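# What the coordinates show
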Amino acid sequence: MKYTQLGRTGLKVSRLVLGTMNFGPQTDESASHGILDAALGAGLNFVDTANVYGWGENKGRTEEIIGTWFAQGGGRRDKTVLATKVYGNMAGDGDPWPNHDRLSALNIRRAVEASLKRLQTDYIDLYQFHHIDRRTPFEEIWQAVEVLIQQGKVLYAGSSNFPGYKIAQANETAARRGGVGLVSEQCLYNLAERRAEMEVVPAAREYGLGVIPWSPLHGGLLGGVIKKEVQGGRRASGRSADALASTSVRAQVQAYEDLLDKHGLEPGETALAWLLTRPGVTGPIVGPRTAEQLESALRALELELSEELLTALDEIFPGPGASPEAFAW
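Residues numbered from 1 in each chain as written. Predicted model: local features only at pLDDT ≥ 70, side-chain atom pairs only at ≥ 80, totals over all residues. Heavy atoms only, no water.

Time to look at the pairing of strand S5 (residues 81-86). On a regular strand, each side chain points to the face opposite its neighbour's, so the side chains alternate between the two faces of the sheet. Buried residues dominate S5, accounting for six of its six residues. In this sheet, S5 lies alongside strand S4 (residues 46-48) in parallel orientation, the contact comprising three bridges. Bridging across to S5, Phe 46 finds its partner in Val 81. Alignment of S5 against strand S6 (residues 124-129), held across four bridges, turns out to be parallel. Bridge assignment links Val 86 to a residue of S6, and that residue is Phe 129. Crossover connection from S5 via helix H4 (residues 105-119) to parallel S6: handedness right-handed. (Buried < 20%, exposed > 50% of the residue type's maximum accessible area, 1.4 Å probe, protein only. Helix = DSSP H or I, 4+ residues; strand = E, 2+ residues; numbered from the N terminus. Pairing = 2+ DSSP bridges. Right-handed = clockwise from strand over helix to strand, strands pointing away.)

Below, the structure is given as structure tokens:
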């Protein structure tokens, strides 16, 4: 396994992040524990989750599965860099009571305690804001986080789905308060969706945040989806199906698969390896439903993409360009 620092921190994390969103909804507890054990056995020490994972009436279920895994002992918790998130509404469906979502000091306090209980741990390594909260000032958010850090319940804070200006605003506010501020940004970023390169990635690099891309295969679009369709395998769904409805996108994906077929490379592994070459990227989040999918993701760490191939990938999926040059002189 290869490791790197998480942004400007002294924390060492694996260059792949184990995403757990499928644990519960698609992968049962026993199989989830097997994937966690296999990941840890391979040296993957960075595990990402969120309080809302499990979804619907089962919100929190994913954290519970991780908690029962930690409870097995064997150094599982000590070896794991644990990241979870706060923002989504944790009240039951149809529950009219307010203050069960967003980033108020009250909800942050309530959410941390609930996550710690489900995760069966006394601290969270990286506590991430799952979305920007346009209603709550950063002064309030940081006041709440500072208390949690002093109590030893949270070590670092990170963001997710923040625009560049909010990363700047958050860290400038933290600096005025004498705090560390955000140390990571988890954003949608992959070969097919590169808009993060305009503002988010530059802001993250400027403020020393590690970039953690989610959906590195863009919902399966970059995982060999056309080839699988032709071979009668799993058909595209969700984000990838919507994208493939566009003739131009389908042509891009076909060119991508043809290029990699020529080089003898697997599309999903190549998409992950490409992200590992991007400046500022700590590691992409992989969300395996099975142990086999985890093994495939781990192989991406060994891929060395040539300059010729990287140039060809840029031609198929061109980036948006730097800001403001992408849209101004």
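A few words now on the side chain of Ser 32. Looking at where Ser 32 falls in the secondary structure, it is placed in helix H1 (residues 29-41). Given a relative accessible area of 0%, Ser 32 falls into the buried group.

A few words now on the sheet that holds strand S10 (residues 285-286). The eight strands lie next to each other as S9-S8-S7-S6-S5-S4-S3-S10, forming an open sheet whose pairing is parallel. A single partner strand is all that each edge strand has here, and the edge strands are strand S9 (210-214) and S10. Sheet topology note: the strand S8 (residues 182-188)/S9 ladder contains five bridges and is parallel. Bridging across to S9, Ser 184 finds its partner in Gly 210.

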